[in-house]
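The chain contents come next:
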Amino acid sequence: LVRAYWRALDEGVNSFFNAATATPILAARHAGLQAYGVNFTSPLPAVPNWITARRNFLLTQLATVATNFAVHGPDTVTNASNLLVLTGSAPVGVQTLTVHGVAYPVDWTSVTAWRMRIPLPAGVSTLTIEGRNRNGNLVAGASRTLSVTFAGQDVSPVGVIVINEIMYNPRVPDASFIELYNTSPTHSFDLTGWRL
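The notes below deal with the structure included here. None of these values were measured; they are calculated from a predicted model.

## Some thoughts on the overall build of the protein chain
When its secondary structure is counted, the protein chain shows three helices and eleven strands. Ordered by position from the N terminus, the helices and strands of the protein chain form the series α-α-α-β-β-β-β-β-β-β-β-β-β-β. A compact globule built from 196 residues should have a C-alpha radius of gyration of about 16 Å, whereas the protein chain, at 25 Å, is more than 25% larger. When the backbone C-alpha atoms are referred to their principal axes, the protein chain occupies close to 80 × 50 × 25 Å. Evaluated residue by residue, the protein chain yields a buried proportion of 30% over its 196 residues. Of the contacts made within the protein chain by residues no fewer than 6 positions apart, 59% connect residues no fewer than 24 positions apart. Of the roughly 12400 Å² that the protein chain leaves accessible, carbon and sulfur atoms contribute 58%. Taken together, the 12 basic and 10 acidic charged side chains of the protein chain have centroids lying 12 Å from each other.

Structure below.
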């Protein structure tokens, strides 16, 4: 939630919230009202000056949470288990982290720090991690490719991933769910594409 707040401020100061954008709009509205005989004091230059002052203040605040996109660690990794835990940082303009274009769950441990868990198949995997804004566009500089090796064996999730709980027809609308549980003490699984 705090990160979304910073992201909204960042988007505002880098798009609509600036005097250059507001001045022609204010001038046109003022001229239009005057043409209809509405006489009032022009908002120029007072409102654009206020916008500039507020924007400059917001930029100083955004500087306190500024960071570059990073995935911590080397480009080549050998992992002892099939669950790779990555950490890194991302600017507040990044809303989603993807692996090969697919959004992955992320734990934001601070305004700019993140942690992600990725199940690995046996062998060598090439992972491209990208940071995307709220429109799904790649944020400039927010990409890194890693080569990860898991030397262990693949384990089938059949019979290992089980239905643990079913909430059918709850009293609260749209609150039904099915809970899955991984009984394996050593392996994690990617359930992308699974259907019930």
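## Brief notes about the packing of aromatic side chains
As enumerated under the stated definition, the model contains two aromatic pairs in all. Centroid distance Y5 to W6: 5.7 Å. Interplanar angle 70°. Geometry classified as edge-to-face. Judged by relative accessible area, W6 falls into the buried class, the value being 13%. Taking the centre distance of 6.2 Å and the plane angle of 85° together, the rings of F17 and W50 count as edge-to-face. Within this pair, whereas F17 is found in the loop between α1 (2-13) and α2 (19-35), its partner W50 is found in helix α3 (residues 46-63), the two being separated by 33 residues in sequence. Of note, R3 hangs over the ring of W108, and the distance from its end group to the ring centre comes to 3.6 Å.

## Notes on the nonpolar core
Buried together is how nonpolar side chains tend to be arranged in soluble globular proteins. Counting residues in hydrophobic clusters, the biggest one holds 21 residues, and the most contacted among them are F69, L86, W114, L127 and I129. Listing elements by their share of this core, those giving two or more residues are β3 (83-89), β4 (96-99), β7 (113-119), β8 (123-132) and β9 (138-150). Per-element accounting of this core gives the leading share, five residues, to β9. Core analysis: the second largest hydrophobic core is formed by ten residues, W6, V13, I51 and L58 among them.

## Observations regarding the pattern of salt bridges
Applying the stated criterion across every chain, the model contains five salt bridges. Between E130 and R132 there is a salt bridge; the shortest N-O distance is 2.6 Å. For the residue pair E130 and R132, the accessibility class agrees, reading buried in each case. Look at the salt bridges and you will find they share partners, linking D107, R115 and R117 into a network.

## Here we look at the pairing of β3
As paired strands, strand β1 (residues 70-71) and β3 are joined by two bridges and run antiparallel to one another. Residue pairing in the sheet places A70 in a bridge with S89 of β3. As paired elements, β3 and β7 share seven bridges and run antiparallel to each other. Bridge pairing links V85 to R117 in β7.

## Points about a nonpolar patch on the surface
Nonpolar side chains collect at one region of the surface, where I163, I166, Y168, I178, L180, L191, W194 and L196 lie side by side and expose about 890 Å² of accessible area between them. Put simply, the parts of the chain that give the nonpolar patch at least two residues each are β10 (161-167) and β11 (177-182). With respect to the helices and strands, I163 occurs in strand β10.

Cut-off values and rules
Residues numbered from 1 in each chain as written. Predicted model: local features only at pLDDT ≥ 70, side-chain atom pairs only at ≥ 80, totals over all residues. Heavy atoms only, no water. Helix = DSSP H or I, 4+ residues; strand = E, 2+ residues; numbered from the N terminus. Rg over C-alpha atoms; globule rule 2.2 N^0.38 Å. Buried < 20%, exposed > 50% of the residue type's maximum accessible area, 1.4 Å probe, protein only. Contact = heavy atoms within 4.5 Å. Areas by Shrake-Rupley, 256 points an atom, 1.4 Å probe, with all protein chains shown as cover. Lys, Arg positive; Asp, Glu negative; His and termini not counted. Charge placed at Lys NZ, Arg CZ, Asp CG, Glu CD. Phe/Tyr/Trp six-rings, centres within 6.5 Å; stacked < 30°, edge-to-face > 60°. Lys NZ or Arg CZ within 6 Å of the ring centre and 35° of its normal. Core = buried A, V, L, I, M, F, W, Y, C linked by side-chain atoms within 4.5 Å. Salt bridge = Lys/Arg side-chain N within 4 Å of Asp/Glu carboxyl O. Pairing = 2+ DSSP bridges. Patch = residues over 30% accessible without salt bridge, like charges linked within 9 Å, V, L, I, M, F, W, Y side chains within 5 Å.

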